[in-house]
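# Analysis of the macromolecular model
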Amino acid sequence: MQCLNVCLLTILCGFAASASDTLRIDPPHWFVTSHDYERSLCLVELLVEGNGLLSVGGESEYARVIDDRPATNTRYRYVTLRIDPVAPPHQLLLHIRRTGGDTSVRYELRTPAQGARGLHPSDVIYLITPDRFANGDTTNDVVLSMHERTVDRSKPSARHGGDIAGIINHYDHLRDLNVSALWLNPVLENNQPVASYHGYAITDHYRIDPRFGTHLEYRALIDALHRDSLRVVMDVVVNHVGNEHRLFRNPPDSSWFHWWPSYTNTNFKVRSVTDPAADPLVRDTLLRGWFDRMMPDIDQRNPHAARYLIQHVQWWIMEAGIDALRIDTYPYSYPEFMRTFNRELTTTFPSLTIYGEVWTESLTDQQSFLDSTHSDLQYGTDFATYAAITAIMSDDPAERLRGSNALIASLQSDTSRRARMHVAFVDNHDVMRIASRASTMDSWLAAMAILFTLPRIPCIYYGTEFFFQSEDDHGRIRADMPGGFPGDQRSLLGASQDSLRYEEWMAYGLVRPASTWGRAITAKTTGTFAILPAPEGVVAYAHSDDDGALVTIVNTHEHEARTVSIKAYRRGPTSRVLRMDGKAMDATNFELVVPPRTATIYVVWTLTTER
C-alpha cells in the first residue's frame, strides 16, 4: 500500500475504516489531462467514507466539488469533482464537515502514466497465475493483517507464495519465450479466509494484495515490460467481489448487491442473456445469482456502484499504464452496464483493447456478445474454437470429425480482420491442461500448430511451454513452476536441453519459435485469410500476401493421408514450399500430402518478385 496514499494527508492512510476518526476516499487520487478525447475523465465521483460525515466541499483554480450527497448509509458520501481539461498536476483541498469536528484533506491530481497502447494481431499473450509462478520475496508470504496467513504448497487450494517479485526475477523467461504481452490473474487484494490465491474475490479495488507485493513492484514490472515494448493485460472483475470486501460488509446502499431470501447460485445459462425468448426467471437467475457463496454479486444497475467499477479500471490504466483488459465472467454482468463500460473506456482510451471471457462453445452465443446492440464487446476469448481444437485431439474418430467441422465453422463465422483480435487458447487457469488431453506428443503438437496459425491472438498459459499436465482440479491446473520457489529440486526456468525431459524440451522447442511467427510472417497479421477446399475431416486454411503464404493443414483421419492443393499460392516457377521445421517439400504440382492425425504448417515463398 506504500505509495497509494502518498498524495493524501496521514488522516487518509487507514484503509480498513475501523477507527472512528479514519477517512477513506476512493479513488485515492485522480489524474489531469489535456487531451480532448479524455474529457470524460474530468468528472470523477469520489466515494468518501468515515463516521459522522455531514458534507464535503472544495475548490481550486482548476478543480471544484460540484455535487455532494449522502448515501443511504450515512457513513458514505458521493462527491462529484470536476477538473479543468487543461489543469496541471496539483492538490485540491477538500473540506470535510463531521460531527466530531471538521477536517481538511489534500486530494492529489497527478499526471497519468503512459498506457492503453492496446494489443495487435501479431501479439502472443503469456498468462500467469502469480501465486504459482515464482516466489521472489519470502518476507511477504505471511502478512498478519490478512485472514489467510499460511503458505502450504502441498495443498492445491492454499497459497503457495508466488509474487510479483518472482515474476520480475524471472523476467528473462518472458524474453526468451518471445511473448509480447503479459496477462496476470488478478493481483488486487483478496483478503479472504480461504482460497485467496487466485485473485477473483477482490476485497479492495485500489490495493495490490500485500502477499503479491507492493504497488511500487507492480509499477516496476509494468515499466520493465513497456521498456521492452511488451503490453500489459489487466484481469478485471466487475461481476462480483469477495464477501470480505468492506463495501459488501457495510455497503453504501443495499442496492449495490443482489440479495435473495436464501442463497441462490447463478445458473450459468449464458444463452438466456441474448435470447429474446428466454424465460425471464432464467435470465434473472443468471444475472443476479451469485457466482460463489464467497463472491457476492454486484448490482450494476445502481449508478454509483457502476461508476465505482468503471472508475477503478480507469484509475489503474492511468496509474499503472495498463494496455488491455480481460473481463472475467463477462456474460454474468448486465449487458446494459457492459455496453456503457466498453463504450466509455474505448472512447476515453481509443487504443485500449478489451476482450471478455464468454464461456460458451456456441458460435451464435459467442458472437451475440460482440453485437453493438447487445453489450458491444470488442473481442472475446474464443471458447468455441477451443472446443473444436480439443475435439480434434480426441481418440474417437467421430469426435475428431466433429471437431474439424466445428473448427471450419468457427473460422467461417468471422473471417474479417476483427477476428484476428479474438484471443485463442488451448488451456488456461480454468480448464484442463492441453497436455492431459493429448494422447501423444503429436496430438499436442497438432493443437499448438493450430493455436499459433489461427487468425487470432494466441495465449499461452504458463507451463504449457513445458508440457504441464493436470486434470480438472483448479488448484492442480494452477501448478507451481519448478525452479520458481525456494527448495525446488529442479528448475525449468532458464534450463538447458540436458536438464529437461524429452517432452519438456520438445514443447519448449515449438512454443519459443512459434511465438515469433506473427511478427516474422506478415501474411498472418496483415494479409488475406482464406479457408481452402479440402476433403471431409481435413481443415486447411492460409494467410497470404504478395510475398507468400502461411498454410496450415489438419488431417483428423486415423490412418489415411489426405491431399490438399495450394496451387492458388504459387507465385511463378521460383515458388518454394517449406515445412515449418525447415524441410523442403515437393512443390511440383503444389499438391501436399498430409499424414493422418497431424497438423502441418507450410510456408510458401518465392526467390524473386516475379508474378
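Right, let's walk through the structure included here. (Residues numbered from 1 in each chain as written. Predicted model: local features only at pLDDT ≥ 70, side-chain atom pairs only at ≥ 80, totals over all residues. Heavy atoms only, no water.)

Scanning the model with the defined rule gives 29 aromatic pairs in all. Measuring from centroid to centroid gives 5.9 Å for Phe337 and Phe341, while their planes differ by 50 degrees, and the two rings are tilted. Here Phe337 pairs with Phe341, and both are found in helix α9 (residues 335-348), just 4 residues apart, close to one helical turn. Residue class for Phe341 comes out buried when judged on its relative accessible area of 0%. Between the aromatic rings of Tyr386 and Phe425, the centroid separation amounts to 4.9 Å while the plane-to-plane angle is 20 degrees, which identifies the pairing as stacked. Of this pair, Tyr386 sits in helix α11 (residues 383-392) while Phe425 sits in strand β17 (residues 423-425), and the two are 39 residues apart along the sequence. Overall, Tyr386 belongs to the buried group, its relative accessible area being 6%. (Phe/Tyr/Trp six-rings, centres within 6.5 Å; stacked < 30°, edge-to-face > 60°. Helix = DSSP H or I, 4+ residues; strand = E, 2+ residues; numbered from the N terminus. Buried < 20%, exposed > 50% of the residue type's maximum accessible area, 1.4 Å probe, protein only.)

Below, the discussion takes up unusual backbone geometry. Along the chain, Asp26 connects to Pro27 via a cis peptide bond; the corresponding omega equals -5 degrees. Its place among the elements puts Pro27 in the loop between β1 (24-26) and β2 (30-31). With phi around 65 degrees, Phe467 is a residue other than glycine that occupies positive phi space. Residue placement: Phe467 occurs in the loop between β18 (457-461) and α15 (474-477). Looking at Phe467, the relative accessible area reads 12%, which means it is buried.

For a regular strand, side chains alternate in direction, first toward one face of the sheet and then toward the other. Judged by how many residues are buried, strand β13 (residues 231-236) sits mostly within the fold: 5 of 6 residues are covered. Both strand β10 (residues 181-184) and β13 contribute to a ladder of 4 bridges, which runs parallel. Directly across from Trp183, in β13, lies its bridge partner Val233. Across 4 bridges, the pairing between β13 and strand β14 (residues 324-327) is parallel. Bridge pairing in β14 links Val233 to Ala324. (Pairing = 2+ DSSP bridges.)

Mapped onto the secondary structure, Ala63 falls in strand β5 (residues 63-70). Note: C-alpha distance between Ala63 and Thr346 (283 residues apart in sequence) is 25 Å. Each residue touching Ala63, except ones within four places of it in the same chain, is listed here: Leu81, Arg82, Ile83, His90, Leu92 and Leu109. (Contact = heavy atoms within 4.5 Å.)

Shape is all these values report; function is a separate question.
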